[in-house]
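The lines below spell out each chain.
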Amino acid sequence: MRLIFCRLSIKSAAAFAILLLAVSSFAQQKPAKTAVPDPPGLALRAVDSVARAQVLLDPMAAEWEKISVQRIALNRTPPLYDTEAPSDLEISFVLVRLVRAEGKLLVHMTWRDNTQDTAQIAKLPNTPYEGRSHKELTEATDRFFDSAAVMHPLHLSAEGAWPSLQMGDAGDPVSIYFWNSARGAARMQAAGRGTTKRTGEAFPAQGIYHGGAWHVAMELDNIPSGMPLAFAVWNGSQQDRDGRKYFSTWLKLE
Amino acid sequence: MSAKEKANPRNKGSRSISRRGFLYVAAAGTTSLLLPGCRKNEKPVLTTLAGDFDPLRAYPYRGWEDFYRKIWTWDKVVRSTHSANCTGSCSWKVYVRNGVIVREEQAADYPRISEDLPDYNPRGCQKGGCFTEYVYSPQRLRYPLIRTGARGEGKWRRASWEEALNLIAEKLLDNIYNHGPDTNAFFSVIPAMSPVSFCAGSRLAHYLGGVMCSFYDWYCDLPPGEPLTWGVQTESCECADWFNSKYIVLWGSNISQTRIPDAHFAYEARYNGAKIVAISPDFNSSCVHADLYWRINPGSDAALAMGVARLLIENNLVDTPYVKEQTDLPFLVLEGSRRFLRESDLKKGGKEDIFYVWDTHAGRVAPAPGSMGSSEKTIQLNGVDPALEGTFSVNLADGHTAEVTPVFALLRESLATYSIERVAQVTGLPAPEIQAFARELGTRKPAMIIHGAGTNHWFHNDLTNRAMILLVALTGNVGKNGGGFHHYVGQERVWPEHGFFELAFPEGRKKQRFQNTTLWSYVHSASKDPHLYNGKPVEWYIQESVKNGWMPLWPALRPGETLKTGRKPRAFIIWRANYLNQAKGNEIIETSLWRDLDLIVDINYRMDTTALYSDVVLPASSYYEKVDINSTDCHSYMHTFGKAVNPLYESKPDWEVFHALVQKISEVAKREGLKPFRDEPFQWDRDFTTLPDQWTSKGSIVTDEQAVDFILSHAKETQGMTYQNLQEHPKRFVATDPESWNSDVEEGVAYTPFKHQVEKKAPWRTLTGRQQFYIDHPWFLELKEELPNYKEPVPEKYPLYWNTPHGRWSIHSTWRDHRAMLRLQRGGPIVYMHPDDARKRNLSDNDWVRIHNDIGHCICRLQIMPGEKPGRVTMYHGWEKFLGFQQGGWQSLTYIKIKPTQLIGKYGHVNFRLNYWGPTGNNRDIRVEIEKYAGPLVHGTPVKA
Amino acid sequence: MSRHQYAMVMDLNKCLGCQTCTIACKKLWTDRDGTQHMYWNNVETRPGLGYPRQWDRIGGGWKDGQLQPSRQPTLDDYGAPWEFDYEQRLFEGKGKPVMASPDPISGPNWDEDVGALNGEDNFYFYLPRICNHCTNPACLAACPRQAIYKREEDGIVVLDQERCEGYRYCIAACPYKKIYFNEITGKSEKCIFCYPRLEKGQVNACAAQCPGRLRFVGLLDDPDSAVHKLVHVYKVALPLFPEKGTLPNVFYVPPFNPPKRANYGKSILEDPRLPLEYLLYLFGPEVKTVIVRLEEELTRAQNGTPSKLLQLLIGRDAETRFQVRPQLVQIQSRIG
């Protein structure tokens, strides 16, 4: 019994540590590499466009250049476990463009990342492995891939409060659009840290690494105004995965 | 407090963590309000953050577990086994799902012999455990192929069965009529591992008058000391009998690697009170489990045995009554001629095969009962007490008086040169331990020597065998459970021997051309042993042997022909074997014998080296797509192959391949209107138009299952067994045919040979009717080998012994190219070298090295092996020539060396018999040098789906 | 704590190093896409590199109640699974020898039979390894998704292939490095102690197929089981690296090597070939008592008095070695 308690404590300790340090990185990390952080509750603007969503899915499409860019400060999660060394804030902001087109919300994210951490990973073959001589191979066991995500609450709660940034709350789930540079895009839902589940759906998204930066375009559902969004970026070379990442605060979509 | 409790983190851990956890909760409580964009008044709740379950206890999402459950499912299980000459003979269950073989697992259902003996389950190794991968591998032969490039180039065109068989049939018939039936040679190994497949081709050879080549002697797996001493091919106890021993000597046998399914009996015997002695130049995988390990100098084993024999005699550790009754050691030898005293010496017209002992009771010679010429069919001495020592006078028929001495006394005198100091020096072993070993061997009973290829592959293997057998005979261990000398190299013996021979050579073995392959390969290739034996080249001995009719040589020499000018073989049919890869000096063969052959056919399920260097390749079914049976010396059970799936691709089981070829031959014979061929030596008019009728025994043996049942029903060992009832369960042999075997199969007792001799006093199958340590054949006398003794390895000019033992990762060449096995090695052939030898040559681990001598060279990678003996390098044998070598292969460095004494015949029990007696293809005496290879390298190309 | 705990004892004095267990496991569980570099069961020569390379020095496990840091093993640490270009040589007439790709520089059994010290002093033994199905699993504690759990009915530690997101904290946390990453599925996988077999009353593939017959399987809490007797009654089976704090449920009967040259007859503690320090490193301080005990039993048996302990270790048949109890561990009401 004591053992069980011990284990749970580790979990909660780690979780709380994230919360605390997240706060401190905002409130106290004055000379951080971030420019002046955006104040809490900053609004996001989505521009209507007549461009085809299909066109906008190309992150290098000229259409995107017409859209005003919003600079969103990113925070680095602190080490989640005692076993992990802290890592530098290498990516201090993400440039976001939002467009509404063809009844969709298109999100364009650009962030500087000196290392392109991605790979071509073989797809699981359609033929059964039995009797098949060639099996797809794991090419590396220690690499993590650059990724990005947009999160929003599944419901706007009546009282107007937003769910926890840590993947929502038990009573207040969140929806996540997760794009992985190697594995593609997947939708997820969560109701608290550690509860993230894939919905099994994909969504259109494309990413291009160019000029030392990632440019990613994602096609989201038509998320209504008033809904907050949060952005996250994972840097593979920093072994980012899970809650080890860069994240923004909630930003209300206007 | 135990170490475990001290290390237990429960107490310390939980205290410190819970304290830390508490601090965070408190801190969070005061700061949560400041969090931007977060739910107001949010109080972090443990359950929300950590989930509401504890995975150390209940877990809510267990439905996924079916993911792995589904992997362990199947639609069908079929019993089968493997035909690779491993001596394992392991019964497996083959699992099929959706029509695809998915995996195999040992059947593990051999019936137990007795409560006291450990059982045989599970029986099977890592290689058997991944055979399925071969079934679907890129190497798998799927269609008949006809060569379009040079031999060995790997250029083929896909052919129809019709075309391929027609080509072969025409060629075989053409050879018979135009060059003689003895120009068609057939090579297939080890009937025991799949007798029906063997017989499919041997029956064809039989009815075509073709030459059936040997394998057991050629591969040097035959211990020639056994036919010489015991008059048998190889007689070993089944491995369960190891458990009955109290002293196990692993001598040249690395059981952990080469007897994987059986090694447990030895290590379990140790727990049951046995001591294990391991004798090997390298600290190998069996030595690690020994009570005494001896790092012996390579090739000095006979010196050790002779030294120990001397200690046994000096310390009165000889079982004298046993020696007097069971061995020729009391037999009298004439001074001067050094021949046995025979009846012909004492009486005019007396027999050559009646011998004498000196009866100390009567004070005169007495004929020893039970010799070949004796009318008595027992070796019981009946009151005679033979002298082991002394010199006596006898009056000969020619009126002279002669001095006679028992073999024992001659042996003792010959042992004078084996002082403990000399033996310690030659073997490199500590003298006190040699003395302790002799004492234990003489007192811990029963004691056995488990013998293997490590020692058997030396040129003087016969002497070494005889010296070792001497030790267990002097101590009275042979013919007793838990004791003896047991050689396990190759699955040479078919338990239901009578049924097998009936099927293999239906008109009788006397009507079959047999050939010792060592001799055949030497004579028909450009092989040349540069050594002289008693001043004469081996060719002199070969010529004599052939001339005397001691050894056959096919094609037969015609009047006026010499070894050089005689006809050459023209067609070579190979199935269940990898002749070219495994041939000593295969590069010499490739450029001589191979060039003289104008048709090479390989029948195989995979493209091995021989198939690659053939003209026509026929796709055989794999071990999981056929019907057959399998047995071994290592256990006393019969079990089956089975069709887990129908033959894949265009493959056919061997039986059907040859049946189709037989039909094609008769079709061609009819088409060309061939008259019966008169085969003079056999007075046989061979009518090939009716070949299918002959081959199927008038339609009575058409299917492979009928062939299995034919063997089973024609042997005493397998009465009551059928293919169908064996598919259900392996069955223990019910009896032994006294024609073939030397003990009974007894209920509840592990089989060990020679109980007929030791318990029932039946004569041994030798000239003297005894375990015969004295061979008075003129060549033996001339070469001073009438008694066991130690001879140095054959001198070679290079510094490092080239040791190519059997290992765990392959059965000869099978599994050498198997991906799953390669991944657990170093991905290709490697040569092991002691760190000191490597340092001297400036070599590092994983370096590419060139191994060379006057014969040839190969280029492979080096592994530094601290347990290797300095002055020796090791490459586990069997590597396919096409895989992993930059150049050459492991046989590029070897050549055929024939020991003259192994060419003798017509000496009592020592006569040519296929795989029983004939020169062995030894190779341990070869030496090489190694240097770093810095030339251009070929690398692998990535493989994609 | 789980209600019952399956455990395994491996008698290292019976191990042949034949890797039949490795292949039994591989061909049953990890012959799929993305799993080729995984050997849930491996056998390594000790002393030696181990699989993955230097796993015993990389990190992980518990110290003073804290998980310890560790780097992620690389593919080279496991050994890149080689492919071979058979077709070009055998069927396409390209003439190039069949070679491994990539070029071999490491592998799961790279230093087979090497051991330590040269020549006459050379020593080594085989160490078969599976997941230890620990009572206090570091992997389980490290997983933020709680995708690893200990089955309450039998104590088997499994990794949920639906919940896993491939974060690999578990791989770092396991001091034995017995969790592997499948990059094709993006999920980690580990030894499942053959629960599908145990549930049907069949013993684990590695144990069932072991021709050296060195494995004993049963419930540690079943007083009739061989594993219980060997661990708790005879006390001759020890966990690997007990100081890592995970409380393994796989135990080893520690190994002997024969005496050094000219030492025949000397005791295991008198200048042994296999140094005691190395056994202490692997098995902790209790190993000294155990090895002396084993030697005494062996000497007694070799002098003619049967040893009950050694008679058990002989394990004459499967019934003696394995006590699989599917009825006993059946979970009454399964959650979820």
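Please read these numbers as outputs of a predicted model, since none were measured by experiment.

**Things to note about the overall build of chain C**
Tallying secondary structure elements over chain C gives 14 helices and 13 strands in all. The C-alpha radius of gyration of chain C comes to 21 Å, within 12% of the 20 Å expected for a compact globule of 336 residues. With the principal axes as the frame, chain C shows a C-alpha extent of 60 × 60 × 40 Å. Per-residue burial for chain C yields a buried fraction of 69% across its 336 residues. If you take every contact in chain C between residues at least 6 apart in sequence, the share linking residues at least 24 apart comes to 65%.

**Some words on the interface of chain C and chain B**
Taken together, the contact pairs 96 residues of chain C with 102 residues of chain B. Only helix 1 (20–29), strand 5 (83–84), helix 4 (86–90), strand 6 (100–101), strand 8 (148–150), helix 7 (195–199), helix 11 (287–302) and helix 12 (308–314) of chain C provide two or more residues apiece to the side of chain C that touches chain B. At eight residues, the largest contribution of residues to the side of chain C that touches chain B is made by helix 1 of chain C. When grouped by side-chain class, the residues that make up the side of chain C that touches chain B number 44 nonpolar, 26 polar and 26 charged.

**Points about unusual backbone geometry**
Residue and element names in this part refer to chain B. Of the consecutive residues N121 and P122, the connecting peptide bond is found in the cis state with omega at -5°. Within the secondary structure, P122 is located in the loop between strand 3 (100–106) and helix 5 (131–135). With an omega of -10°, the peptide bond running from W554 to P555 counts as cis. Its place among the elements puts P555 in the loop between helix 21 (538–547) and strand 21 (571–575). Phi is positive for F754, close to 75°, though the residue is something other than glycine. Assessed through the 23 C-beta atoms surrounding it within 10 Å, F754 is described here as buried.

**With respect to the sheet that holds strand 9 (residues 275–279) of chain B**
All names here are of chain B. Spatially, five strands are ordered 10-9-8-16-17 in an open sheet, and the strand pairing comes out parallel. With partners counted over all chains shown, the strands left at the sheet margins are strand 10 (292–294) and strand 17 (484–487), one partner each. Across this sheet, the average inter-strand angle for adjacent strands is 15°, counted without regard to direction. Relative to strand 9, strand 8 (residues 247–251) is paired through five bridges, and the arrangement is parallel. Its bridge partner lying in strand 9, Y247 is registered against K275.

**Some points on the environment of G265 of chain C**
Looking at the element boundaries, G265 of chain C is found in the loop between strand 13 (250–253) and helix 10 (276–283). Along the chain, G265 of chain C and T299 of chain C lie 34 residues apart, while their C-alpha atoms are 9.9 Å from each other.

Reading the values: rules and limits
- Residues numbered from 1 in each chain as written.
- Chains lettered and ligands numbered in written order.
- Predicted model: local features only at pLDDT ≥ 70, side-chain atom pairs only at ≥ 80, totals over all residues.
- Helix = DSSP H or I, 4+ residues; strand = E, 2+ residues; numbered from the N terminus.
- Rg over C-alpha atoms; globule rule 2.2 N^0.38 Å.
- Buried ≥ 20, exposed ≤ 12 C-beta atoms within 10 Å, placed from the backbone.
- Contact = placed C-beta atoms within 7 Å.
- Nonpolar A, V, L, I, M, F, W, Y, C, P; charged D, E, K, R; others polar.
- Pairing = 2+ DSSP bridges.
- Axes fitted to C-alpha atoms, helices over the stretch in contact; angles between N-to-C directions.

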